[in-house]
Amino acid sequence: MSDSPTNTLISWVEVSKNSDFTIYNLPFGIFQNKKLSPRIGIAIGDKIVDLSILDQEGFFSDMFLPEGVFLKDSLNEMIALGKVITKKIRERVQDLLTADNEKLRDHSARGKVMLHRKEATMLMPVKIGDYTDFYSSVEHATNVGKMFRDPENALLPNWKHLPVGYHGRASSIIPSGVPITRPKGQTKDPESGSPVFGPSKKLDFELELAFITGKSTKLGDSVSTADAEDYIFGFVLFNDWSARDIQAWEYVPLGPFLGKSFASSISPWVVTLEALEQFKVESQVQEPEVLDYLKCDKSHSFDIQLEAYIQPDGEKGSKVSTTNFKNMYWNVAQQLAHHTVNGCNINVGDMMASGTISGQEPDSYGSMLELSWNGKEVVKLESGTERTFIEDGDTVIMKGFAEKDGVRVGFGEVKAKVLPAK
Ligand code: MN
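Student: Would you take a moment to explain the packing of aromatic side chains for this structure?
Tutor: Aromatic ring pairs: the centre-centre distance and the angle between the two ring planes describe each pair. For the coordinates displayed, the defined rule picks out 11 aromatic pairs. Seen in terms of ring centroids, Phe 60 and Phe 70 are 5.3 Å apart; in terms of plane orientation they differ by 45°. Their pairing is tilted. Of this pair, Phe 60 sits in the loop between α1 (51-56) and α2 (76-80) while Phe 70 sits in the loop between α1 and α2; the two residues are 10 residues apart in sequence, bridging distant segments of the chain. The two residues Phe 60 and Phe 70 agree in class, both being buried. Ring-pair connections join several aromatic residues into one group, and the members of that group are Phe 211, Phe 235, Phe 302 and Phe 325. The aromatic ring of Phe 401 is capped on one face by Arg 408, whose charged end is 3.9 Å from the ring centroid.

Right under this line is the structure:
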């Protein structure tokens with residue numbers, strides 16, 4: 001440890017070198033286990049800190065938190081206390097977990113507070129009121145435009161002037177581990193005159209990150225790019241499952257509908273904006289210049305490495321994509337400013353996903369649509385198994401982490417298995 005930076009935080013909890021859940025991270029989630037009802041926890045290493053027990057033992061008594069605020073099946077009420085409070089809660093836990101702090105380390109309740117992550121079931125972290133999906137990767141939008149429209153004019157004229165998005169379906173957002181069922185719907189072969197009904201033959205994933213809003217606005221009010229981060233509580237990994245054949249037939253003129261709304265999977269631990277602060281990087285240069293309400297005084301882009309894996313039944317997982325959140329053309333502050341510029345109100349627990357995150361290299365594309373170029377090219381897995389889209393029995397796994405100066409902050413994973421159509 002002698003070569004570590006002087007400000008290195010070390011915990012008395014053992015945290016392995018590659019753990020996403022270091023003392024710098026401390027994400028919030030909702031868990032239960034065989035004995036305990038749903039409640040709020042913070043992850044560190046292989047452990048969960050049960051905040052409700054910490055509270056009962058008086059570790060937050062100076063904060064005058066509402067009774068039972070951690071004994072909830074969602075983070076919404078805690079988040080609604082505001083960033084000033086949630087920041088303090090996280091910093092208190094960070095302090096208590098520091099190696100030389102004996103208050104929890106040597107406390108008789110330590111065994112009740114510190115639980116095993118592998119014995120816990122993770123639930124949906126928030127009750128999501130509204131969900132919006134953006135389309136903010138220029139590489140992804142260009143690839144899709146080339147495939148479905150005109151290779152010479154892949155981006156539509158509005159794309160570089162506003163963060164394109166659509167209102168998605170919140171009811172079908174599910175936590176990691178819950179299987180999805182192959183959707184059925186109408187599809188139409190370009191060569192055929194009429195549509196057919198049946199299971200999607202082009203089931204796909206979209207590798208995304210989503211932020212959760214932590215503060216509401218009044219109808220009619222807008223959020224500026226300068227204030228946007230006050231409204232962002234944290235981030236999760238987001239797999240925006242997509243049925244490309246259903247989508248291709250239905251999307252004109254009003255955009256995605258049943259090709260998207262059947263399921264989206266999220267990682268269960270919400271990584272706070274504060275934990276990601278040190279991984280900020282310069283935002284992409286935007287040309288042409290954007291309108292004033294979309295201009296930013298500082299960076300709102302993050303260097304977060306992202307990976308997608310496909311694991312066919314009985315096989316090992318095989319990496320099919322490596323990309324980075326910093327590739328996004330539109331940043332989160334611009335997304336939120338644009339979302340609210342017309343006076344549309346937001347609530348605590350809304351979810352806003354980035355859109356598929358693709359890079360420039362073919363192995364950095366964040367969907368099978370792009371990786372297989374709409375089924376024209378085969379994606380070879382490590383086992384030799386070939387895929388163009390996702391088959392029944394496949395599990396799709398996404399991982400994400402940021403790392404800098406020996407400090408690692410990660411998301412864990414989001415995974416879901418695909419079951420045959422009903
Ligand atoms: Mn999407």
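We are not done yet, so read on.
Student: Help me out: how do you make sense of the state of the cysteines in this one?
Tutor: Covalently bonding the sulfur atom of one cysteine to the sulfur atom of another cysteine gives a disulfide. One pass over the full model with this rule turns up zero disulfides. The cysteine Cys 296 is free of any disulfide, with Cys 344 supplying the nearest cysteine sulfur at 19 Å.

Student: Where do I start with the coordination of the manganese ion in this structure?
Tutor: Ideal values differ by geometry: the angle at a metal is 109.5 degrees with four tetrahedral donors, but 90 or 180 degrees with six octahedral donors. Coordination sphere of the manganese ion, protein contribution only: Asp 133 (OD), Glu 206 (OE), Glu 208 (OE) and Asp 240 (OD), at 2.1 Å. Here the donor residues of the manganese ion are spaced in sequence according to D-x72-E-x1-E-x31-D. Remark: Asp 240 occurs in the loop between β14 (232-239) and β15 (242-243) and Glu 206 occurs in the loop between β12 (203-204) and β13 (207-213); sequence separation between them is 34 residues. Here Glu 206 matches Asp 240 in class, with each residue buried.

So, how was this worked out
Residues numbered from 1 in each chain as written. Predicted model: local features only at pLDDT ≥ 70, side-chain atom pairs only at ≥ 80, totals over all residues. Heavy atoms only, no water. Phe/Tyr/Trp six-rings, centres within 6.5 Å; stacked < 30°, edge-to-face > 60°. Helix = DSSP H or I, 4+ residues; strand = E, 2+ residues; numbered from the N terminus. Buried < 20%, exposed > 50% of the residue type's maximum accessible area, 1.4 Å probe, protein only. Lys NZ or Arg CZ within 6 Å of the ring centre and 35° of its normal. Disulfide = S-S within 2.5 Å. Donors = N, O, S within 2.8 Å, 3.2 Å for Na, K, Ca; no water.

Note that every value here comes from positions in space, so none of it alone points to a role or purpose.
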